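Listed below are the residues making up each chain.
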Amino acid sequence: MQKATVTAVRSAEMIGEQVCVQGWVRTRRDSKGGFSFIEVNDGTCMGNIQVIADADLANYESEITKLTAGCSVSIDGEVKQSGGKQPTEIHAQSVNVVGWSDPETFPLQKKRHSFEKLREWAHLRPRTNTFGAVARVRNSICLSIHDFFQEDGFLYVHTPIITASDCEGAGEMFRVTTLELEKLPGAKGGIDYSFDFFDRPSYLTVSGQLEAEIYATALGKVYTFGPTFRAENSNTSRHLAEFWMVEPEMAFCDLQDNMDLAERLLKRIVSDALQRCPEDMDFFDQRIDKTVKETIDQVLDGEFVRLSYTEAIAELEKSDKEFEFPISWGTDLQSEHERYLTEDRFAGPVILYDYPRTIKPFYMRVNDDEKTVAAMDVLVPRVGEIIGGSQREERLEVLEGRMADQQLQSEDYWWYLDLRRYGTVPHSGFGLGLERMVQFVTGMSNIRDVIPFPRTPGNAEF
Ligand code: ATP
Ligand code: MN
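Now for a look at the structure at hand. Every chain is numbered on its own, with residues counted from 1 as its sequence reads. Going through the entries in the order they are written, you letter the chains from A and number the ligands from 1. Residue-level local features of this predicted model are given only where pLDDT is at least 70; pairs of side-chain atoms are given and counted only at 80 or more, and the full residue set underlies all totals for whole chains, interfaces and linings. To obtain the side-chain values, all non-hydrogen atoms of the structure were included, while hydrogens and water were left out.

Regarding the side chain of R448
Now for step 1: By the criteria applied, helices consist of DSSP H or I runs no shorter than four residues and strands consist of E runs no shorter than two, each listed in order from the N terminus. With respect to the helices and strands, R448 occurs in the segment after α12 (434-442).
Now for step 2: Burial classes: relative accessible area under 20% of the type maximum marks a residue as buried, over 50% as exposed, and values in between as partly exposed (1.4 Å probe, protein chains only). Charge counting treats Lys and Arg as positive and Asp and Glu as negative, with His and both chain ends excluded. Any carboxyl oxygen of Asp or Glu that lies within 4 Å of a side-chain nitrogen of Lys or Arg is treated as forming a salt bridge with it. No salt bridge is formed by the buried R448; its nearest oppositely charged neighbour, D449, is found at 7.3 Å.
Now for step 3: Here the side chain of R448 touches N235 through a polar contact of 3.0 Å, side chain to side chain.
Now for step 4: Whether two residues are in contact is decided by their heavy atoms: any pair within 4.5 Å suffices. Residues in contact with R448, not counting those within four places in the same chain, are R119, R125, N235, T236, L240, P454, T456 and N459. We call two N or O atoms a polar contact when they sit within 3.5 Å, provided that within protein one can donate a hydrogen and the other can accept it, with sequence-adjacent residues counted only if both atoms are side-chain atoms.

Concerning the site of ligand 1
Now for step 1: Here, proximity means that at least one heavy atom of the residue falls within 4 Å of the molecule or strand. Among the 16 residues in the neighbourhood of ligand 1, the closest are listed as R230, E232, H239, E385 and I386.
Now for step 2: Separating an oxygen atom of ligand 1 from a side-chain N or O atom of R230 is a distance of 2.8 Å.
Now for step 3: I387 is positioned with one of its backbone polar atoms (N or O) 3.5 Å from an oxygen atom of ligand 1.
Now for step 4: Summarising the interface, the protein chains cover 84% of the accessible area of ligand 1, which totals 590 Å² for the free molecule.
Now for step 5: Looking at the shell around ligand 1, the elements with two or more residues in it are β11 (242-251), β15 (384-391) and β16 (427-433).
Now for step 6: In terms of residue count, the dominant contributor to the shell around ligand 1 is β15 (4 residues).
Now for step 7: Ten residues, namely Ala, Val, Leu, Ile, Met, Phe, Trp, Tyr, Cys and Pro, are considered nonpolar, four, namely Asp, Glu, Lys and Arg, are considered charged, and the remaining ones, Gly among them, are considered polar. For the shell around ligand 1, a count of residues per class yields 6 nonpolar, 4 polar and 6 charged. Accessibility throughout is a Shrake-Rupley quantity obtained with a 1.4 Å probe, and a residue counts as covered only by protein chains that appear here.

Here's the deal with the packing of helix α5 (residues 255-276) against α12
Now for step 1: For the pair α5 and α12, interaxial distance at closest approach is 11 Å and the crossing angle is 50°. Between α5 and α12, the crossing angle belongs to the class labelled oblique. Our pair here, α5 against α12, has a crossing hand that is right-handed. Contact residues: L266, I269, V270 and A273 in α5; M437, F440 and V441 in α12.
Now for step 2: By residue class, the composition of the contact of α5 with α12 is 7 nonpolar, no polar and no charged. Whenever a helix is involved, its axis is fitted only over the stretch in contact; in every case the axis is a line through C-alpha atoms, and angles between N-to-C directions fall within 0 to 180 degrees. Every angle not falling under 35 degrees, over 145, or within 65 to 115 is termed oblique; those three ranges are roughly parallel, roughly antiparallel and roughly perpendicular. Crossing handedness follows the turn of the near helix against the far one: under a right angle anticlockwise gives a left-handed crossing, and clockwise gives a right-handed one.

Quick word on unusual backbone geometry
Most peptide bonds take the trans configuration, and most residues that are not glycine carry a negative phi.
Now for step 1: If you check the backbone angles, D199 has positive phi at about 70° while not being a glycine.
Now for step 2: Within the fold, D199 resides in the loop between β8 (175-176) and β9 (202-204).
Now for step 3: We note that F252 has phi near 55°; this positive angle belongs to a residue other than glycine.
Now for step 4: Looking at the element boundaries, F252 is found in the loop between β11 and α5.

Some points on the nonpolar core
A general feature of soluble globular proteins is that nonpolar side chains tend to end up buried together.
Now for step 1: Ranked by internal contacts, the top residues of the largest apolar core, which has 60 residues, are L266, L432, M437, F440 and V441.
Now for step 2: The element best represented in this core is α5, accounting for 9 residues.
Now for step 3: With near-sequence residues (within four places) excluded, V441 lies in contact with V137, I141, V270, A273, M281, V292 and I296.
Now for step 4: As used here, the term nonpolar core means buried Ala, Val, Leu, Ile, Met, Phe, Trp, Tyr and Cys residues forming a set that is joined through side-chain atoms within 4.5 Å. Membership of the second largest hydrophobic core comes to 29 residues, among which are I313, V373, A375 and L419.

Topic: the packing of helix α8 (residues 309-318) against helix α9 (residues 335-345)
Axes are the key here: two packed helices are described by the angle between their axes and the distance separating the axes.
Now for step 1: Between α8 and α9, whose axes approach to 11 Å, the crossing angle comes to 80°. By the criterion of interaxial angle, the relationship of α8 to α9 is roughly perpendicular. Taken together, the residues of α9 that come into contact with α8 (itself represented by A312, E315 and L316) are H337, Y340, L341 and R345.
Now for step 2: Of the residues assigned to the contact of α8 with α9, the class counts are 4 nonpolar, 1 polar and 2 charged.

Here's the deal with the packing of aromatic side chains
Now for step 1: Planes of paired rings set the category: under 30 degrees apart is stacked, over 60 is edge-to-face and the rest tilted, where pairs are Phe, Tyr or Trp rings (Trp by its six-membered ring) whose centres lie within 6.5 Å. All chains considered together, the criterion is met by 17 aromatic pairs.
Now for step 2: Look at F362 and Y363: their rings are 5.5 Å apart centre to centre, the planes differ by 80°, and that puts the pair in the edge-to-face class. Taken as a pair, F362 and Y363 share a single burial class, namely buried.
Now for step 3: Put simply, the rings of F148, F149, F154, Y156 and Y223 pair up and form one aromatic cluster.
Now for step 4: Over the ring of F346 we find R345; its NZ or CZ atom is 4.5 Å from the centre of that ring.
Now for step 5: In this arrangement the basic side chain of R420 is found over the ring face of Y416, its NZ or CZ atom lying 4.0 Å from the centre. Charge-over-ring placement is defined geometrically: NZ (Lys) or CZ (Arg) within 6 Å of the ring centre, and within 35 degrees of the ring normal.

Re the sheet that holds strand β5 (residues 88-99)
Where strands meet in a sheet, backbone hydrogen bonds hold them as pairs that are either parallel or antiparallel.
Now for step 1: DSSP calls a pair of strands paired once it identifies at least 2 bridges connecting them. Reading around the barrel, the 5 strands line up as β1-β2-β3-β5-β4 and close back on themselves, with mixed pairing between neighbours. Adjacent strand axes in the sheet meet at a mean angle of 55° when their direction is disregarded.
Now for step 2: Here 2 bridges tie strand β3 (residues 49-54) to β5, and the two strands are oriented parallel to one another. Each residue of the ladder has a partner; that of I52, found in β5, is H91.

A few points about the environment of T44
Now for step 1: Inspection of the secondary structure puts T44 in the loop between β2 (35-41) and β3.
Now for step 2: The contact partners of T44, leaving out residues within four places of it in the chain, are T5, V6, T7 and R136.
Now for step 3: In terms of polar contacts, T44 uses its side chain to reach the side chain of T7, at 2.7 Å.

Spatial relationships are all this shows, so hold off on functional conclusions.
Pasting the structure below:
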C-alpha cells in the first residue's frame, strides 16, 4: 500500500485514497458503538490524523484496545471525509502495532509538563506538540538562510571548527587537545605544546569570520553556517556553549550595505516561516507567546530603526526606566537596555551602529572620529541582540595598531594581515545566531528549548 504522511492524508484531496500511515499514538478512545478512535502523529505536522478502528479487526481486543500514548503503529486504510474538525479521517483495514510503550513508565502522559522537566527528557520531547513545532520552524529557518544567500549569489564555504586563533579575543574558548591532562609534558614552566596534536594550543571556534574573510576577498560574497562554541559561563536564557551561527562576508561592501543585507535576511526568514509553517506559527502565537505574530509583523512592516550607539545612549539616559546596570557612553549595552530600545522605545527592530572602539574586537573598522568603529548590532523585541557585525578594518597599519592595543601577536595572524597586504578591499559581514532567531520566530523564552540538545554549563547529557 502507498505510504502517506499525516500531512498528506489530512488534505481533502486524499479522500477516497487507500494509504498506509505510520506514526506514534497520541491518544486512544473507545466508543460504545464497537470501535476506537486513535489519534496518530508522525511529526510531519502539528496535527494528528484520526483513525477509526472497527471492533471486527482481528487484533481489536488483543491489541488495539491496549494502545496507549507513545506506541508506534502502521495503519492501512481508506481516507474518508470526517464529520469532525478535520476534513479527513482514516477508516482502518489493519492496525499493526510496531512498538509498544508501557503506560506505567512512558513519561509523556496527557498532562502538560514544564519545559524544565522536558529538558530532562530531551530524547522524548520532540514527540510533544511544542518541540515538534520548534523542530519544523528551525528547519524552515535553515532552509530560508540557504535559499536567501544562494539566490543572492553567495557561495557557501565551510570554515574550520578547530582553530588556533581567537576571533573575538574574549578568551572564552574550549580547548582541543590529545594531551593527557594528568600527565602534561613540560609541566613546570608551562606546557610543551610540541607534544600536542596540532603542535600549538588549539580550540573550538567561536566564529568562522576570519576564515570567511579569506574566501570573501577572493570570491566576493560568501557565507558560512555551522556550529560555534563559547565557554562563557553565563547561565542565561539566550546563551549556549554550543550554538549555530550563519556568517555572511562580502567584499566591496560597507556598513550600510551590511545593515541592508541583515534587514533583508531577517524579513525573508520570518515571512517564509509564516508561509511554510502556518499551523505551527498559530500554535506559538496562541499557546507560547501572544506577541509572536505582532513582533514578526514589526519586522515585516516598514524599515528597521537605525540609531548610532551615541544616540542610543542618549535615549537610555533620558528614559525614566530603572535599569539594573547603569549605562553611559563607553559601556556595553546589557539585555535590559536592548529590550528597552526594541520593546518600549521603538517597538520594533533596531540596528545600532558605530560603537566605541574600546568595547569591540580588533578587526572592526575604525571610523574617522577615531573613537568609534563601524560595528552594528541588530536588536529585536523579546530577544535583544540577534545579529552582531561590522565593516572590517582593511587598512594594514590601522589593523596592526588595533592588534597591538589588544595585546594580540601579529605573527599569529600573519595570514589575516596578508589579506590587507595583497589587494585589500573594504569588506563587511555579520553573525546571526540561529537559536536566537528560532527564539524570536517561535516566542520560546529559553534558548535551551530551541536547539535539540542544549549544551550549557554542567549539561552535556544526550
Ligand atoms: P551577547 O552580547 O548577547 O553575549 P555577543 O556580542 O557575544 O552576544 P557576537 O560575538 O556578536 O555575540 O555573535 C554574533 C551572534 O551570535 C549574536 O548576535 C547572537 O545572535 C549569537 N550568539 C553569541 N553568543 C551566543 C551564545 N553564547 N549562545 C547563542 N547565541 C549566541
Ligand atoms: Mn555582538
